[in-house]
Amino acid sequence: MGEAFVFDAVRTPRGLGKSQGALYTVRPVELLATVLRALPARNALDSALIEDVIIGCVTQTEEQGACIARWGALEAGFDPRVPGVTVHRYCASGLQAVNQAAALVASGYAELVVAGGVESMSRVRMGADGGAQYDPALQWAVGSVPQGIAADLLATLRGIGRHDLDAFALRSQQRAVAARDAGHFARSLIPVCDVNGLPLLERDEHLRPDTTLERLAQLKPAFATLGRQGALDALTRRAYPQLEAIEHVHTAGNASGIVDGAAAVLIGSRARGEALGLRPRARIVSAVSVGDDPVLMLWGPVPATRLALERARLTLDEIDLFEVNEAFAAVPLAYAQEFGLELDRINVDGGAIALGHPLGATGAMLLGTLLEALERRGLQRGLVTLCIGGGMGTATIIERV
Amino acid sequence: MSALPNPAGAIAPAFDAAFDGARGLATLRLTGPGADNVLDEPLATALVEAVAWAHALPGLRGLIVSSAHPDFCRGPDPDRWLATPDAAALLARVRRVQQALRRLETCGVPVVAVLAGAVSDGGLELALACHRRVAVDDPRLRLELPALGFGLLPAAGATQRLPRLLGLGPALELLLRPAPLRGEAARRAGLVDALFADHEAALADARRWLATRPDPAQAFDRPGWVLPGPGPRSTAARDLVLSAAGALHQRTAGSQPAPELLLRAVHEGCGLVFDRALEVEARLAVNAARSATTAALIRTLWQHRRRAEALTGGAGGAAGPRVGILGAGLMGAGLAYHCATRGCEVVLRDVDPVALDRARERWARRSPGDGAAVPGALSPSAHAAALARITPTLALEPLAGCALLIEAVDEALALKQRVLAETEPLLAPGALWASNTSALPLASIAAQARDPARVLGLHFFSPVERMPLLELVRGALTSEATLERALAFAGALGKVPIVVGDGYGFYTTRVFLAYLVEGAELVAEGHAPALVEWAARHAGMAVGPLQVADEVGLALARQILAGAQQQLGRPAASPGTRLLAALVETQGRGGRAAGAGYYSYVEGQRRGLWPGLGALSAPGRVGLPVTRDSAAQVGQRLLLIQSVEAVRALAEGIVTHARDADLGAVLGLGFAPGTGGPLAYLDRLGLPAACARLDALAAVHGARFAPPPLLREAAARGEPFYPVTE
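The shown structure was predicted, so the numbers you read here are calculated from the model rather than taken from an experiment. (Residues numbered from 1 in each chain as written. Chains lettered and ligands numbered in written order. Predicted model: local features only at pLDDT ≥ 70, side-chain atom pairs only at ≥ 80, totals over all residues. Heavy atoms only, no water.)

*Asks:* Outline the overall build of chain B, listing residues and values.
*Replies:* Along chain B, the regular secondary structure elements total 29 helices and 18 strands. Relative to the compact-globule value of 27 Å for 726 residues, chain B shows a C-alpha radius of gyration of 28 Å, a close match. C-alpha atoms of chain B, sized along the principal axes, occupy 85 × 65 × 55 Å. Taking all 726 residues of chain B together, the buried fraction comes to 56%. Nonlocal contacts in chain B, meaning residues at least 24 apart in sequence, comprise 74% of its contacts between residues at least 6 apart. Carbon and sulfur atoms make up 55% of the accessible area of chain B, which totals about 28900 Å². (Helix = DSSP H or I, 4+ residues; strand = E, 2+ residues; numbered from the N terminus. Rg over C-alpha atoms; globule rule 2.2 N^0.38 Å. Buried < 20%, exposed > 50% of the residue type's maximum accessible area, 1.4 Å probe, protein only. Contact = heavy atoms within 4.5 Å. Areas by Shrake-Rupley, 256 points an atom, 1.4 Å probe, with all protein chains shown as cover.)

This is how it looks when you write it as structure tokens:
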């Protein structure tokens, strides 16, 4: 089997996902076009040589409906001979796009592919696309709860308390602020501009440098009312009958931020890279997705990691850095607890709690962030993983070249 | 008003049809056979004919549907649903009735329903298919869906008309937590458009409305109509349905398929074109009707129950006898009030004036006074009338005129014997002396009775006005005449009787004890207490074994346990019995009344399981791992231990019929009604499979699970407790 290499990874800064956000006036197709334009521009590449554009997007309706990958590529001025396809694996869609691109290249089906993601949560509300799971028959047969309830369920099952979550959230903020101030993101951030070329957003705006433990402690649990008065906690009993009650510990402060953003990654074969003068920065070693308990929903990164390591014939110790998406603080904490990992190898430049989680794009953003952190620290191998709605997990292992 | 001759054919005898040519109004009066109108297939066929007849009338402007009987109309008896085992045939029957109502609804003229009395199940659905509903607002009026209690879905359009009339939220409220609605409540809910003092006034309003030439179509049959409230596929609707699913799961712990199917019918149908939505309802209704759970509910709660009620010679209507109650505690006070509300004159005797005062306080809390509407509470005048029938007294003499004395003092043998000795001599010949004891054998209580033929046990269940079961204990010397009079008394109180033999714990308390002790065993073994409780409810038990133990009181439970050990030789001392001892003696956790038990309580409110249970039951031991099967296995154990006890009781002649065993457990103990009862449950497992399961459990957990000889023999002979032909 052949190999797939990462040549470049770019992303927009993340805007607040509400009407006050800097990217609220930007059409989702333009947000995507911003990163797609950047790849050929930065790499002196004729877009006609790109064989497919695979874009993750979760709320595929209204302005993000139909196939935004295709329209984003056209808006970016790509040659019309470049097709596009939009993929949905919930919060891992951006990494799913990367993994599919890698598979196309490694199998020899394609030589140069762009993968990425886009989500404008300020313009297309989460949940606006309905959902096959909102169905009483499925509730009874399989069971599913909203992700916030699942997060609190995870925390309760693993004995992770409010203080642990808040401490982790503070850490995420501090690391992201430090990274931003040290210019760690400068190389890969593509400013978003208006029609006149005037900048709308050049830095991530969700960060809260003024975060303190005291401030975090004052926030109210976000899912207590939904769980208790809305009776949704009861839907977890069949799968977890031993829990008398769920501790509601997640708040707006220790869960991922709602933001707008887009990302794109250039992936191709070594031969094509050489022919085009592209320098390979990392090799994609393994790329997997797994299913896990849909009620708990957020445990997927653990079995996904195990499978990715097995496929790569690597052990956990051989991974230098991890990106575990901070959908909710309990996720990376439970992950670290399960694998006995020190937190200083995980999300070293902060994560979605500080920076925000633009659903369909995050997976591709984390890959770029991980690669840059490995390069900056002179380290070799990294693993990206995200938890996924419906109880799945996706993971990718990269190795610097 | 001119009347055409009653048209021949299918309309009569179902309808009295008349036509007022001047006003252009046709009236269809339901004249079902007997005293009832029933929305079944014959009525549906007649309805279609009636609509055709009306359609042909010259100058027809409107239709009025009313009843010639005191009640408007109801649905078929629940066991009618069991008559058609074939799914396709049952579906066809359901669709015919739906389509008949649809024909009425779309006949081209406006239709008014004039309601009175009981408007139940299919009768309510018939009313909903009309374009307007007016009602005679008297105490008899009630709109209700009692079929839901038997695991049946409305199948003539209620799941689709109610959301389209009221919106998703209000419709789900009415359908998922159904309680009968009286006049004003029905009007406020939007089910009835206007209320009138009498039938004539209601009819006049119907004519008046029809004269205004209203639209002859339901709102949802008009173009441009949208569902009231949140749209069917909106986020708000999604959240409503999700919340309803959660609330349902909280209430039923997934033990009942019918409400789940009902929620599906509403959710899936509300976004569809109406005629196809009716089809969705029909298919889900057929699915519910054919489930084993629904069949079991109908057999036990309808068939067995009616058979038992028939023993009483008919439910009470006539005033009951003059009753003397001995002991003014919780049970005695409750019993006195209940009997008084059923028309009995009551003498309540206690030796302690404070107890009598407390009884008066309890009664005072029953009727909250004018204005408040507590469900099930009597009107202030009925409450006052009941209180007027009660004579609290410290003296013995007033008891002399009673036809029946019921002893409800503490569960102490010597005390009961003394009370018998003191009060039996006061009785006139033919009067009865009864004990409300839950466990002490009559033979012991009445060992010194002058006339043992008149002595029996009347074991009521608390709270007495809500629990329908009455366990009549027949002593070895109790006479036939005594039993008959007691059954008549049960009828006067509207109770469902089972007659059982004499022996410690009789029937229900033995079964109850087995359940309670098994709960303790499971905790002692290391099962998570939360899992034990949930598994019990998931299996269908109304209340988990730990909560039920707290309610009864752990000290009392141990007392009954000691009695059973002494007199029945069971249960053996075990980790479970030791856990109960530790809770009471070492931890001072005697249950809810003691302020702490398995659960913690704050101001009498249950606050959660005591975290110290784990350490108490198995110090240092890690709890048992929870697998996907854990809850099912724990639940099965809790049901099977009760089934074994029921079999033993049957074998010993304490209960004489499987029906009584099942009815008694379901109505008295909240045994999983969806199984039909402890013996029906064994039939459902299949007797050989049940024996195999019990042998496996006995091998691991002890002889208490061993299949009794009667069960093994029945399994070997291939004879279930209920013959298959039933």
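*Asks:* Explain empty space enclosed by the protein to me, using residue names and the numbers behind them.
*Replies:* Residue and element names in this part refer to chain B. Inspection of the entire model under this criterion finds four cavities of 30 Å³ or more. In this structure, the largest cavity encloses a volume near 310 Å³. Lining the largest cavity are 21 residues, and of these Leu 39, Pro 76, Trp 81, Val 97 and Ala 155 lie nearest its centre. Listed by contribution, the elements that provide at least two residues to the lining of the largest cavity are helix H3 (87-105) and helix H4 (122-128). By residue number, the principal contributor to the lining of the largest cavity is H3, which donates three residues. Of the residues that constitute the lining of the largest cavity, the class distribution is 13 nonpolar, two polar and six charged. (1 Å grid on protein atoms, 1.4 Å probe; cavity = no way out; pocket = protein on both sides within 12 Å on 5 of 7 lines; lining within 4 Å. Points joined across faces, edges and corners; volume = space filled by probe spheres on them. Nonpolar A, V, L, I, M, F, W, Y, C, P; charged D, E, K, R; others polar.)

*Asks:* Which residues make up the sheet that holds strand E10 (residues 346-349) of chain B, and what are the values?
*Replies:* Residue and element names in this part refer to chain B. Spatially, eight strands are ordered E11-E10-E9-E12-E13-E14-E15-E16 in an open sheet, and the strand pairing comes out mixed. Strands at the two margins of the open sheet, each flanked by one partner only, are strand E11 (390-393) and strand E16 (496-501). The average angle at which neighbouring strand axes cross in this sheet is 25 degrees, direction not considered. Pairing between strand E14 (residues 455-460) and strand E15 (residues 469-474): four bridges, direction antiparallel. Among the inter-strand pairings, Phe 460 is bridged to a residue of E15, identified as Leu 470. Sitting on the sheet, helix H18 (residues 480-492) touches strand E9 (323-326), strand E12 (404-407), strand E13 (432-435), E14, E15 and E16, and the angle it makes with E15 is about 170 degrees. (Pairing = 2+ DSSP bridges. Axes fitted to C-alpha atoms, helices over the stretch in contact; angles between N-to-C directions.)

*Asks:* Tell me what's going on with the interface of chain A and chain B, and back it up with residues and numbers.
*Replies:* With 20 residues of chain A at the contact, the number on the chain B side is 27 residues. For the pairing of chain A and chain B, the buried interface totals around 2100 Å² over both sides, and the portion due to carbon and sulfur atoms is 68%. For chain A, the biggest contributors to the area lost against chain B are A:Tyr134, A:Pro136 and A:Trp140; these three give 30% of the whole. Across the side of chain A that touches chain B, the residue classes tally to 11 nonpolar, four polar and five charged. (Buried area = accessible area lost by both parts, 1.4 Å probe.)

*Asks:* Which residues make up the pairing of E13(B), and what values do they have?
*Replies:* Residues and elements named next belong to chain B. Of the two faces of E13, the one lined by Leu 432 and Ala 434 and the one lined by Trp 433 and Ser 435 are each fully buried. Between E12 and its parallel partner E13, the chain crosses via helix H16 (residues 413-423), and the hand of that crossover is right-handed. Here E13 runs beside E14; their pairing, made up of three bridges, is parallel. Its bridge partner lying in E14, Ser 435 is registered against Gly 457. (Right-handed = clockwise from strand over helix to strand, strands pointing away.)

*Asks:* Account for the packing of H3(B) against helix H11 (residues 274-289) of chain B, naming residues and giving values.
*Replies:* Residues and elements named next belong to chain B. Interhelical geometry of H3 versus H11 gives an angle of 140 degrees and a closest axis separation of 9 Å. Like other packed secondary-structure pairs, H3 and H11 cross with a definite hand, here right-handed. For the pair H3 and H11, the contacting residues are Ala 87, Leu 90, Leu 91, Val 94, Arg 95, Gln 98, Arg 102 and Glu 105 in the first and Phe 274, Asp 275, Leu 278, Glu 279, Glu 281, Ala 282, Arg 283, Val 286 and Ala 289 in the second. Each residue belonging to the contact of H3 with H11 can be placed in one class, and the counts come to nine nonpolar, one polar and seven charged. (Left-handed = near helix turned anticlockwise from the far one by under 90°.)

*Asks:* Could you give an account of the sheet that holds strand E2 (residues 25-30) of chain B, naming the residues involved and the relevant values?
*Replies:* The strands making up a sheet associate through hydrogen bonds between their backbones, and the pairing can be parallel or antiparallel. Residue and element names in this part refer to chain B. Taken together, six strands build an open sheet; the order of strands is E1-E2-E3-E4-E6-E8 and the sheet is mixed. Taken across any chain shown, the strands that pair with only one partner, and hence form the sheet edges, are strand E1 (15-20) and strand E8 (194-196). Each neighbouring strand pair of the sheet contributes to a mean axis angle of 20 degrees, computed without reference to strand direction. Relative to strand E4 (residues 111-115), strand E3 (residues 62-67) is paired through three bridges, and the arrangement is parallel. For Val 65, the partnering residue across the bridge sits in E4 and is Ala 113.

*Asks:* Account for the nonpolar core, naming residues and giving values.
*Replies:* Residue and element names in this part refer to chain B. Judged by nonpolar contacts, the single largest core of 250 residues is most densely connected at Phe 15, Phe 72, Tyr 507, Tyr 598 and Phe 721. Sorting elements by how many residues they give to this core places helix H25 (residues 630-651) first, with 11 residues. Excluding residues within four positions of it along the chain, Tyr 598 makes contact with Ala 520, Leu 546, Ala 549, Asp 550, Leu 554, Leu 579, Leu 580, Leu 583, Leu 609, Trp 610 and Leu 613. Listed in part, the 36 residues of the second largest apolar core include Leu 404, Leu 483, Leu 487 and Val 499. (Core = buried A, V, L, I, M, F, W, Y, C linked by side-chain atoms within 4.5 Å.)

*Asks:* How would you summarise the side chain of B:Thr312 if you had to cite specific residues and measurements?
*Replies:* Relative to the elements of secondary structure, B:Thr312 occurs in the loop between helix H12 (292-310) and E9. Excluding residues that lie within four positions of it along the chain, B:Thr312 makes contacts with B:Leu487, B:Ala488, B:Ala490, B:Gly491, B:Lys495 and B:Pro497.

*Asks:* Just give me the short version of the packing of aromatic side chains, but keep the residues and values in it.
*Replies:* Between two aromatic rings, the relevant description is the distance of the centres plus the angle of the planes. Summed over all chains, the structure comprises six aromatic pairs over all chains. For the pair A:Tyr335 and A:Phe339, a centre-to-centre distance of 5.0 Å together with 75 degrees between the ring planes defines the contact as edge-to-face. One end of the pair, A:Tyr335, and the other, A:Phe339, are both in helix H11 (residues 330-339), four residues apart, so they sit about a helical turn from each other. Judged by its relative accessible area of 16%, A:Phe339 is buried. One aromatic cluster is present, formed by A:Phe322, A:Tyr335 and A:Phe339 through successive ring pairs. Its guanidinium or amino end placed over the ring of A:Phe185, A:Arg11 lies 5.0 Å from that ring's centre, counting from NZ or CZ. In this structure, B:Arg606 is placed above the aromatic ring of B:Tyr599, and the distance from its NZ or CZ to the ring centre is 5.4 Å. (Phe/Tyr/Trp six-rings, centres within 6.5 Å; stacked < 30°, edge-to-face > 60°. Lys NZ or Arg CZ within 6 Å of the ring centre and 35° of its normal.)

*Asks:* Mind laying out the environment of B:Gly664, listing which residues take part and the relevant values?
*Replies:* Residues and elements named next belong to chain B. Tracing the backbone through its elements, the reader meets Gly 664 in helix H26 (residues 658-669). Look at Gly 664 and you get buried, because its relative accessible area is 0%. Along the backbone, Gly 664 and Leu 470 are 194 residues apart, and their C-alpha atoms lie at a distance of 8.4 Å.

*Asks:* If you had to explain the environment of B:Leu442 to someone new, which residues and values would you point to?
*Replies:* Residues and elements named next belong to chain B. Secondary-structure assignment places Leu 442 in helix H17 (residues 442-445). Spatially, the C-alpha atom of Leu 442 lies 9.4 Å from that of Pro 452, the residues being 10 residues apart in sequence. If sequence neighbours within four positions are ignored, Leu 442 has contacts with Ala 447, Val 455, Leu 456, Gly 457, Val 473, Arg 474, Gly 475, Asp 502 and Phe 506.

*Asks:* Account for H26(B), with residues named and values stated.
*Replies:* All names here are of chain B. With 12 residues, H26 extends 16 Å from end C-alpha to end C-alpha; this agrees with the ideal 16 Å at 1.5 Å per step. The buried count for H26 comes to 11 of 12 residues, which makes it a mostly enclosed element. Where H26 is buried, its residues meet H12, E15, E16, helix H19 (508-525), H25 and helix H27 (678-685). Phi turns positive one or two residues past the end of H26, at Gly 670, with a value near 65 degrees. (Expected span 1.5 Å × (residues − 1).)

*Asks:* Tell me about the pairing of E3(B), and name the residues and values.
*Replies:* Residues and elements named next belong to chain B. Across the six residues of E3, six count as buried, placing the element largely inside the fold. Covered by surrounding structure in E3 are Gly 62, Ile 64 and Ser 66 together with Leu 63, Val 65 and Ser 67, the residues of both alternating faces. One ladder, built from six bridges, connects E2 with E3; its direction is parallel. Across the sheet, Leu 25 pairs through a bridge with Gly 62, a residue of E3. Since E2 and E3 lie parallel, the crossover through helix H2 (residues 41-55) that links them has a hand, and here it is right-handed. Between the parallel elements E3 and E4, the chain passes through H3 in a crossover that is right-handed.

*Asks:* How would you sum up H27(B)? Please name residues and give values.
*Replies:* Owing to its 3.6 residues per turn, the α-helix brings residues three or four apart onto one side. All names here are of chain B. Here H27 lies mainly inside the structure; six of its eight residues are buried. All of the buried residues in H27 are Pro 678, Leu 679, Ala 680, Tyr 681, Leu 682 and Asp 683. On the buried face of H27, the contacting elements are H25, H26, helix H28 (687-701) and helix H29 (709-717). Trailing H27 by a residue or two, Gly 686 shows a phi angle of about 90 degrees, which is positive.

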